[in-house]
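# Summary of the model geometry
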Amino acid sequence: MNNSTLKTTLILLLIVAGLFLVACQNQKSKDGYADSVTKIPGNIDFGKTDSSAYTPEIRANMKKLYDDKFGLFVHWGPYAQLEGKWDGKEVSAEWIMRRGEIPIKDYEREAAGKFKPKKFNAGNLVDIAENAGMKFIVITAKHHDGFAMYKSAHPYNIVDFANFGRDVLKELADECAERDMKLGFYYSQSQDWHEEGGYGNNWDFEGLDRPQDKFDAYFNEKAVMQVNELTRNYGDIFMIWFDTPTQMSDENCRQMMDVVKENQPGALVNSRLGNGYGHFDVSIDNGKTPSVSKATWLADLKVPWQTHESVTTGGWGYTSYGSENDRSAEYTDFIYSLCRIVGSGGVYLLNVAPRPDGTIPESQVNSITAIGDWLKINGEAIYGADPSPLKFPPFAITSKPGKVYLHLNNIEDNTAELNGLLSKVNKAYCLADESQQALSFTQKNERLTVTIPEKLKQPRVTVVVLELNDEQARVVDETLQQAKDGSIKLPVAKCEFATRRIGYDYEEQTTHAWGGKSNQGLIWTVNITKPGSFKVISEDNGHDKLSYELITPTDTLEVFPKGSVEKITKKAQQGSIEIVNSGTIIIKAYPKQTIEWWNEFKLKGIELVPAKK
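These numbers come from a predicted model, not from an experiment. (Residues numbered from 1 in each chain as written. Predicted model: local features only at pLDDT ≥ 70, side-chain atom pairs only at ≥ 80, totals over all residues. Heavy atoms only, no water.)

### Section: the overall build of the protein chain
Helix and strand content of the protein chain: 11 helices and 29 strands. Taken against the 2.2 N^0.38 rule, which gives 25 Å for 613 residues, the C-alpha radius of gyration of the protein chain at 25 Å falls within 12% of a compact globule. In terms of overall dimensions, the protein chain has a C-alpha envelope of 75 × 65 × 60 Å along the principal axes. For the protein chain, the proportion of its 613 residues judged to be buried stands at 56%. Across the protein chain, the fraction of contacts at a sequence separation of at least 24, relative to all contacts at a separation of at least 6, is 75%. Carbon together with sulfur atoms contributes 48% to the accessible area of the protein chain, which is approximately 25,100 Å² in total. Of the side chains in the protein chain, 70 bear a positive and 82 a negative charge, and the two mean positions are spaced by 5 Å. (Helix = DSSP H or I, 4+ residues; strand = E, 2+ residues; numbered from the N terminus. Rg over C-alpha atoms; globule rule 2.2 N^0.38 Å. Buried < 20%, exposed > 50% of the residue type's maximum accessible area, 1.4 Å probe, protein only. Contact = heavy atoms within 4.5 Å. Areas by Shrake-Rupley, 256 points an atom, 1.4 Å probe, with all protein chains shown as cover. Lys, Arg positive; Asp, Glu negative; His and termini not counted. Charge placed at Lys NZ, Arg CZ, Asp CG, Glu CD.)

### Some thoughts on the sheet that holds strand β15 (residues 447-451)
Read from one edge to the other, the open sheet built from three strands follows the order β12-β15-β14, with strand pairing classed as antiparallel. Whereas interior strands pair on both sides, the edge strands pair on one side only; in this sheet they are β12 (415-419) and β14 (441-444). Recorded for the sheet is a direction-independent mean angle of 10° between the axes of neighbouring strands. (Pairing = 2+ DSSP bridges. Axes fitted to C-alpha atoms, helices over the stretch in contact; angles between N-to-C directions.)

### Looking at helix α2 (residues 56-68)
Across its 13 residues, α2 extends 18 Å between first and last C-alpha, which sits within 8% of the 18 Å expected from 1.5 Å per residue. For α2, the set of buried residues is I58, N61, M62, L65, Y66 and D68. If you follow the buried residues of α2, they end up packed against β1 (70-74), β4 (136-142), β5 (182-187), β6 (239-242), β7 (268-269) and β9 (346-352). Phi turns positive one or two residues past the end of α2, at K69, with a value near 70°. (Expected span 1.5 Å × (residues − 1).)

### Topic: the state of the cysteines
Tallied over the full model, the rule gives zero disulfides. The structure places no disulfide on C339, whose sulfur is separated from the nearest cysteine sulfur, that of C430, by 14 Å. (Disulfide = S-S within 2.5 Å.)

### A word on the packing of aromatic side chains
In this structure the tally under the stated criterion is 20 aromatic pairs. For the ring pair F73 and W316, a centre distance of 6.3 Å and an interplane angle of 70° mean the geometry is edge-to-face. With a gap of 243 residues between them, F73 in strand β1 and W316 in the loop between β8 (305-310) and α10 (331-343) connect regions that are remote in the sequence. The class for W316 is buried, based on a relative accessible area of 13%. On the basis of an interplanar angle of 65° and a centroid distance of 5.5 Å, the ring pair of W514 and Y548 is categorised as edge-to-face. Pair noted here: W514 is in the loop between β21 (510-512) and β22 (522-528) and Y548 is in strand β24 (residues 547-551), with a separation of 34 residues, a long-range link. Note on accessibility: W514 and Y548 belong to one class, buried. (Phe/Tyr/Trp six-rings, centres within 6.5 Å; stacked < 30°, edge-to-face > 60°.)

### Regarding the pattern of salt bridges
A side chain with one charge can pair with a side chain of the opposite charge if their charged atoms come near. All chains considered together, the criterion is met by 35 salt bridges. Put simply, K114 and E110 hold a salt bridge, and the shortest N to O gap is 2.7 Å. A salt bridge links E330 to R327; its shortest N-O distance comes to 2.7 Å. In this structure E330 comes out as partly exposed when scored by relative accessible area, which is 28%. Look at R327 and you get buried, because its relative accessible area is 10%. Residues joined in a network through salt bridges with shared partners are D106, R109, E110 and K114. (Salt bridge = Lys/Arg side-chain N within 4 Å of Asp/Glu carboxyl O.)

### Quick word on the sheet that holds β7
Ordered by their spatial adjacency, seven strands build an open sheet running β7-β6-β5-β4-β1-β9-β8, and the pairing between neighbours is parallel. Looking at the sheet topology across the chains shown, the edges are occupied by β7 and β8. Where β1 meets β4, four bridges bridge the pair, whose relative direction is parallel. Counterpart to V74 in the pairing with β4 is I139. Running over the sheet, helix α11 (residues 362-378) touches β1 and β9 and is turned about 145° from β9.

### Some remarks on the pairing of strand β10 (residues 397-400)
Summarising the sheet, β10 and strand β11 (residues 403-408) pair through four bridges and their orientation is antiparallel. Within the sheet, the bridge partner assigned to K400 lies in β11 and is K403. Connecting β10 to the next strand, β11, in antiparallel fashion are two residues, including G402 with a positive phi near 80°.

### Things to note about the nonpolar core
Among the nonpolar cores identified, the biggest contains 119 residues, and L169, F185, I452, V464 and L466 are the most heavily contacted of them. The residues contacting L466, other than those within four sequence positions of it, are G402, K403, V404, L406, L421, V425, K427, A428, L448 and V450. (Core = buried A, V, L, I, M, F, W, Y, C linked by side-chain atoms within 4.5 Å.)

### A look at the environment of N286
Mapped onto the elements of the fold, N286 is located in the loop between β7 and β8. Judged by its relative accessible area of 34%, N286 falls in the partly exposed class. Taking C-alpha positions, N286 is 22 Å from A80, a pair spaced 206 residues apart along the chain.

### Details of the packing of helix α8 (residues 212-233) against helix α9 (residues 250-263)
In the contact formed by α8 and α9, the axes pass within 9 Å of each other and the chain directions differ by 15°. Between α8 and α9, the interaxial angle falls into the category roughly parallel. Like other packed secondary-structure pairs, α8 and α9 cross with a definite hand, here right-handed. Counting all contacts with α8, which are made through Q212, F215, D216, F219, N220, A223, V224, V227, N228, T231 and R232, the residues of α9 involved are N252, Q255, M256, V259, V260, E262 and N263. The class makeup of the residues in the contact of α8 with α9 is eight nonpolar, seven polar and three charged. (Parallel < 35°, antiparallel > 145°, perpendicular 65-115°, else oblique. Left-handed = near helix turned anticlockwise from the far one by under 90°. Nonpolar A, V, L, I, M, F, W, Y, C, P; charged D, E, K, R; others polar.)

### Regarding the environment of V492
You can see V492 is positioned in the loop between β18 (488-491) and β19 (496-497). With relative accessibility at 0%, the residue V492 sits in the buried group. For V492 and L603, which are 111 residues apart along the polypeptide, the C-alpha to C-alpha distance reads 7.2 Å. Among residues more than four places away in sequence, those in contact with V492 are P290, Y504, Q509, T510, T511, L522, W524, L603, K604 and G605.

### Observations concerning the side chain of K222
Relative to the assigned elements, K222 resides in helix α8. When near neighbours in sequence (up to four residues on either side) are disregarded, K222 contacts K142, G146, H154, Y187, D192, E195 and A217.

### What about the pairing of β4?
Where burial is concerned, most of β4 is hidden: seven out of the seven residues are buried. With six bridges joining them, β4 and β5 adopt parallel strand pairing. Bridge pairing in β5 places I139 opposite F185. As a crossover connection, the stretch from β4 through helix α7 (residues 168-179) into β5 is right-handed. (Right-handed = clockwise from strand over helix to strand, strands pointing away.)

Laid out in structure tokens, this is it:
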């Protein structure tokens, strides 16, 4: 056996061992938003889908997903009929049935029974996506209300129940096939407020959790059956986008993966199937990150993570008060979100919410078309682009072999500065400038300053192209360094996320929605020159119930943010934590006493100060 064969064998044995440990755990989450496992083995950070699942068909679609970067999300169903209101009150968009605790019979009568979107036009929807520069569409086939937006054997569907007579998903699938637009289906596999066995309806039925026999009956008789229909009857499917996998067992997840694979060998499955299964990882809603993430990449395949946002306000589905608003003042924000996400290794799914009649409000169309107009000029910096070569970029940066793209939405004094690039810059120019007029720049060591004339600035985001002397950009070592006085600063702005189910606030440089799950790890890589015992200072806005564990290679300390306060302050902790060895180490923080999933807690950073002897 040669060295290469031995190495391959050892890797396969480690993977098998990791999968065996996970199978033994067979965890079932009780959290309504749980879509990952606490202990994460294997070679990709969301768990159990081994590299062998990336077949040639999956790899082809994964490469397309990575290259295309930008897709259209469509949340549409009977909830649109209610326009966000119940009993004369503004309640919610797609969650109105649950948040308004609308009885099934009332929802059937007032929402599903009246839902007849006669103005839906599949061609118009594809036009809107194409004009926005989007390369694929993901539309809700069944949301949590349990209503199928296609001709299903289950009677609770748009074709039969409301006597509408049209299969809008078939119309869209045919249009997408004719126009070479990739199509995916959103499917709520666990939550179903229409069925006694589905999770989530505790006003018509008793409790949220279902007895496992009832849940399995619902799962097999409706969810599996409908995903089987969707993957058999609607042509080539790009992806199945699952959501909120409460009560999903490993067996349930494997069964669904097998159904999709059998019917659509190339269809991608997202990580919200549950328990660590899926082909690509998905962030929390509107997920942001302080660092570039390549954790899901395989040795020979770039596997992006994905996040999603909506051009509506107050929900993902249609409301009369949040879906018709003029958001032109935020066009730059949407464009820059795309730039940041791609620059961090992600893919952007941007949502629209059609009206009850099937048309999409002009304000929503204008919002995404503004992005398309920008992409017509600057698409080179997005489509097929790699993330920033700097793990912690100061602003949105993308790259391609021999090039780095600076995405600038706020140019002060006609200059842009970048610290950390070591590769020699041969030329700089604005991507929107067809003449590629050379920009004036200075480069000294890792510091680069580029001058952008006023006439070359773009109205929203200006892209400056740096042509490099190197095929792959060389950058400085971004390992955090212990200060001369022995202190160690661990800002959230310089951490990596252990899971995508964490958010980040770019302006405040704090965590967002952190503390709800025990696997929400923050990870710092630090070079230690003076080991010892350290006092801990937590910089946060306080919380009475939350605690988190600070973990070094040799010690653990439970940290308690003190009190409930609005202002971010530094708080000295009781006790100390040890770092025994010098050199590069990993320091981590994980929630221990968790709090609600969506919360107002903000952690800005942690400081370790040498303890006095």
